[in-house]
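What follows is the residue order along each chain.
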Amino acid sequence: MKRWLLALCCWFPLLSSANEALTLDWIDLVPEKERAQFNANQMPILNHDGEAANQSMIGNVREELNGSTVKIPGFVIPLEGDDKAVTEFLLVPYFGACIHVPPPPPNQIVYVKFPKGAPIQQLWDVVYVVGTLKTQSVNHDLAEVGYLLEGSAIEDYDDM
């Protein structure tokens, strides 16, 4: 009986944490060795001199995050849906990304598929998106994207 209780106690923490989402910051999507390309505010270092720059294609995705259940904050750029709900959107780290040039690097943009639809009124400010992250490139007119997220929940942002 003691062995059974000991085994149950050892497995319970693993079972309870399996369903919890891994909360990520945007810098967490960048491989450790490439983080020097970002400033102290976790923004890509850009050169604003001269003509409008193209999207920087430097940077890789973190393959070890593939298939993880994650929770990440960001701003929504609607792509598909109607006046009530959005079913596909880009999630970006800062307001105006992909609308103003240049867009962030692909590893700083997440293409979200949200089949049940996210309510439009909930998407004007920064939100958390929860779902299964995939390291899959998506080419879109606005930018090349490094991650795909199968969204399961939208949560209010809380920076505490």
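Worth saying up front: this structure is predicted, and the values here are computed from it rather than measured. Here, residues in each chain are numbered from 1, in the same order as that chain's written sequence. Local features in this predicted model are restricted to residues whose pLDDT is 70 or higher, and side-chain atom pairs enter the listing and the counts only when it is 80 or higher, whereas totals over whole chains, interfaces and linings include all residues. Heavy atoms throughout the structure, all of them, feed into the side-chain values; hydrogens and water do not.

Digging into the packing of aromatic side chains
Two rings from Phe, Tyr or Trp (for Trp, the six-membered ring) form a pair when their centres sit within 6.5 Å of each other. Planes less than 30 degrees apart are called stacked, planes more than 60 degrees apart edge-to-face, and all others tilted. Within the structure shown, the criterion is met by 1 aromatic pair. Considering the side-chain rings of Tyr128 and Tyr157, the 5.3 Å spacing of their centres and the 40° angle between planes classify their relative orientation as tilted. Of this pair, Tyr128 sits in strand E5 (residues 127–134) while Tyr157 sits in the segment after strand E8 (147–156), placing them 29 residues apart in sequence. A cation over an aromatic ring shows up here: Lys71 above the ring of Tyr128, its NZ or CZ 4.4 Å from the ring centre. Numbering of helices and strands runs from the N terminus, with a helix taken as a DSSP run of H or I at least four residues long and a strand as a DSSP run of E at least two residues long. Charge-over-ring contacts are defined here by two conditions on Lys NZ or Arg CZ: a distance within 6 Å of the ring centre and an angle within 35 degrees of the ring normal.

A closer look at the confidence of the model for the chain
Where the model shows low pLDDT, its predicted coordinates should not be examined in detail. Overall, the predicted model of the chain reaches an average pLDDT of 81, with 74% of residues at or above 70. A residue's pLDDT is the predictor's confidence in that residue, given on a scale from 0 to 100. Any pair of residues with heavy atoms lying within 4.5 Å of one another is described as a contacting pair. The model gives residues 1–18 a pLDDT under 50, and that stretch makes 0 contacts with residues more than four places away or in other chains.

Concerning the nonpolar core
Leu29, Phe89, Leu91, Val110 and Leu133 are the most contacted members of the largest nonpolar core, which has 21 residues in total. Taken together, the elements giving at least two residues each to this core come down to strand E2 (69–81), strand E3 (85–92), strand E4 (110–119), E5 and E8. For this core, the element with the most residues is E4, which contributes 4 residues. What Leu133 contacts, discounting residues up to four positions off in sequence, is Leu24, Leu29, Leu65, Asn66, Gly67, Ser68, Val70, Val110, Tyr147, Leu148 and Leu149. Here, nonpolar core refers to any group of buried Ala, Val, Leu, Ile, Met, Phe, Trp, Tyr and Cys residues whose side-chain atoms link them within 4.5 Å. Think of it in three bands: with a 1.4 Å probe and only protein chains considered, a residue is buried below 20% of the maximum accessible area for its type, exposed above 50%, and partly exposed in between. Residues Leu90, Tyr94, Tyr111 and Val145 belong to the second largest nonpolar core, which totals 11 residues.

Side note on the pairing of E2
Any two strands between which DSSP finds at least two bridges are classified as paired. By the bridge criterion, 2 bridges tie strand E1 (residues 22–23) to E2 in an arrangement that is parallel. Across the sheet, residue Thr23 finds its bridge partner in E2, namely Lys71. Pairing of E2 with E5 involves 6 bridges; the strand directions are antiparallel. Along E5, the bridge assignment pairs Lys71 with Val130. Bridge count for E2 against E3 is 6 bridges, and the pairing is antiparallel.

What about the side chain of Ser68?
Relative to the assigned elements, Ser68 resides in the loop between E1 and E2. A polar contact of 3.0 Å, which involves the side chain of Ser68, links it to the backbone oxygen of Leu65. Those residues in contact with Ser68 that sit more than four places away from it in its chain are Gly131, Thr132 and Leu133. Nitrogen and oxygen atoms within 3.5 Å of one another constitute a polar contact, given that in protein one can donate a hydrogen and the other can accept it, and given that sequence-neighbouring residues count only through two side-chain atoms.

Considering the pairing of E4
Of the pairings in the sheet, the one linking E3 to E4 comprises 6 bridges and is antiparallel in character. Across the sheet, Glu88 pairs through a bridge with Lys113, a residue of E4. The sheet contact formed by E4 and E8 spans 4 bridges and is parallel. Its bridge partner being in E8, Lys113 is matched across the sheet by Glu150.

Section: the environment of Leu79
Here Leu79 shows up in strand E2. For Leu79, a relative accessible area of 22% translates into the label partly exposed. For the pair Leu79 and Lys113, spaced 34 residues apart in sequence, the C-alpha to C-alpha distance is 9.9 Å. Those residues in contact with Leu79 that sit more than four places away from it in its chain are Glu88, Phe89, Leu90, Tyr111, His140 and Leu142.

Some details on the pattern of salt bridges
A pair is scored as a salt bridge if a Lys or Arg side-chain nitrogen falls within 4 Å of a carboxyl oxygen belonging to Asp or Glu. Scanning all chains against the criterion turns up 5 salt bridges. Ionic pairing is found between Asp83 and Lys84, a salt bridge with its closest N-O pair at 3.7 Å. A single burial state applies to Asp83 and to Lys84, both of which are exposed. Between Glu150 and Lys134 there is a salt bridge whose closest N-O contact spans 3.9 Å. Placement of the pair is Glu150 in strand E8 and Lys134 in strand E5, with a sequence separation of 16 residues. The class for Lys134 is partly exposed, based on a relative accessible area of 30%.

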